[in-house]
Amino acid sequence: MAAYCIGAGTLTSTAYAQTTAVYEVEPNDTMDTAQELEPNQTTTADNSAGTEKVNMLYGKISLGDQDWYKVYFQSGKQYISLSSGENGAFFQVSLYKENGELIDEWLHDESYKGSVGYDYVLTKGYYYVKITGVPSYSGSYNLSVGDPRYYTGGDHLTHHHTYYTCSTGIELSLYFFY
């Protein structure tokens, strides 16, 4: 592809997303029985190109259910994104340290009409994400954790991220939403 950075040189590289579907496995109702997830990550072949590895979890909450997930994060910015395409979806998302200390909680309902997520600067180690239907919601959700952040929506990713490095060394990061 022959393309140019405006006033900066030729685009020389790009990163591609490889998506893996992951499905909730019961029992995962407590911290002790949490399902282990691999976070999203970017691996680089050289300074300017790489592959984004995306794990999209498909889960289901039933009445009285809590879904726990255990994730090993590297140090730095990490993201947690959740969505549900169902009417009336209402979830509480909680993030815990490995020792059980609560870091943050937030609510997601479908008035947001898509993915809701937050970023955290974390130290290297295990963390737990708990999903609960509120007050008595029963239905499905999509969960994405790690860096890079992917927006979840319905049954598909709604985000594409491409990196470019110009011949002058300037790096561009483009986001496409569809």
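I will try to describe carefully the structure that is included in this document. (Residues numbered from 1 in each chain as written. Predicted model: local features only at pLDDT ≥ 70, side-chain atom pairs only at ≥ 80, totals over all residues. Heavy atoms only, no water.)

Observations regarding the overall build of the chain
Piece 1. When you go through the chain residue by residue, the secondary structure sums to 0 helices and 17 strands.
Piece 2. Taking all 178 residues of the chain together, 46% fall into the buried category.
Piece 3. Within the chain, counting contacts between residues at least 6 apart in sequence, those at least 24 apart form 72% of the total.
Piece 4. With an accessible surface of roughly 9300 Å², the chain has 52% of that area assigned to carbon and sulfur atoms. (Helix = DSSP H or I, 4+ residues; strand = E, 2+ residues; numbered from the N terminus. Buried < 20%, exposed > 50% of the residue type's maximum accessible area, 1.4 Å probe, protein only. Contact = heavy atoms within 4.5 Å. Areas by Shrake-Rupley, 256 points an atom, 1.4 Å probe, with all protein chains shown as cover.)

Focus: the pattern of salt bridges
Piece 1. Going through the model one piece at a time under the given rule, you end up with 2 salt bridges.
Piece 2. With a shortest N-O distance of 3.8 Å, D119 and K77 are connected by a salt bridge. Separated by 42 residues along the polypeptide, D119 in strand β11 (residues 116-122) and K77 in strand β8 (residues 76-83) bring together distant segments of the chain.
Piece 3. Owing to a relative accessible area of 40%, D119 belongs among the partly exposed residues under this scheme. (Salt bridge = Lys/Arg side-chain N within 4 Å of Asp/Glu carboxyl O.)

Quick notes on the packing of aromatic side chains
Piece 1. Going through the model one piece at a time under the given rule, you end up with 8 aromatic pairs.
Piece 2. Note on F73 and Y127: the rings are 5.8 Å apart at their centroids and 45° apart in plane angle, and the pair reads as tilted. With F73 in strand β7 (residues 66-73) and Y127 in strand β12 (residues 125-133), the pair connects residues that are 54 residues apart, well separated along the chain.
Piece 3. By relative accessible area, which is 6% here, Y127 ends up buried.
Piece 4. Here the aromatic residues W68, Y96 and Y128 are joined through ring pairs into a cluster of three or more.
Piece 5. A cation over a ring is seen here: K70 above Y126, with NZ or CZ 4.4 Å from the ring centre. (Phe/Tyr/Trp six-rings, centres within 6.5 Å; stacked < 30°, edge-to-face > 60°. Lys NZ or Arg CZ within 6 Å of the ring centre and 35° of its normal.)

Observations concerning the sheet that holds strand β10 (residues 102-109)
Piece 1. Ordered in space as β4-β7-β12-β9-β10, the 5 strands form an open sheet in which the pairing is mixed. The open sheet terminates on both sides in strands that have one partner only, identified here as β4 (35-37) and β10. This sheet shows a mean twist of 25° between the axes of neighbouring strands, independent of strand direction. (Pairing = 2+ DSSP bridges. Axes fitted to C-alpha atoms, helices over the stretch in contact; angles between N-to-C directions.)

Let's talk about the nonpolar core
Piece 1. The biggest cluster of nonpolar side chains holds 23 residues, and the ones touching the most others in it are I80, L82, F91, I131, Y141 and L143.
Piece 2. For this core, the secondary structure elements donating two or more residues are β6 (50-61), β7, β8, β9 (90-97), β11, β12 and β13 (139-146). (Core = buried A, V, L, I, M, F, W, Y, C linked by side-chain atoms within 4.5 Å.)

Considerations on the pairing of β7
Piece 1. As paired strands, β4 and β7 are joined by 3 bridges and run parallel to one another. Within β7, the position partnered with Q35 by the bridge is Y69.
Piece 2. Sheet analysis places β7 next to β12, joined by 8 bridges and oriented antiparallel. Residue pairing in the sheet places V71 in a bridge with Y127 of β12.

Quick notes on the environment of S140
Piece 1. Along the chain, S140 falls in strand β13.
Piece 2. On a C-alpha basis, the gap between S140 and G59 in space is 5.6 Å, while along the polypeptide they are 81 residues apart.

Thoughts on the environment of G76
Piece 1. Considering the arrangement of structural elements, one finds G76 in strand β8.
Piece 2. Overall, the relative accessible area of 23% leaves G76 in the partly exposed class.
Piece 3. In this structure, the C-alpha to C-alpha distance between G76 and D119, residues 43 residues apart in sequence, is 10.0 Å.
Piece 4. Once you skip the residues sitting within four places of it in the chain, G76 turns out to touch Y120, V121 and L122.

Some points on the side chain of T132
Piece 1. Topologically, T132 is positioned in strand β12.
Piece 2. Looking at T132, the relative accessible area reads 16%, which means it is buried.
Piece 3. Dropping the residues within four chain positions of it, T132 is found in contact with I61, D65, Q66, F90, F91 and Q92.

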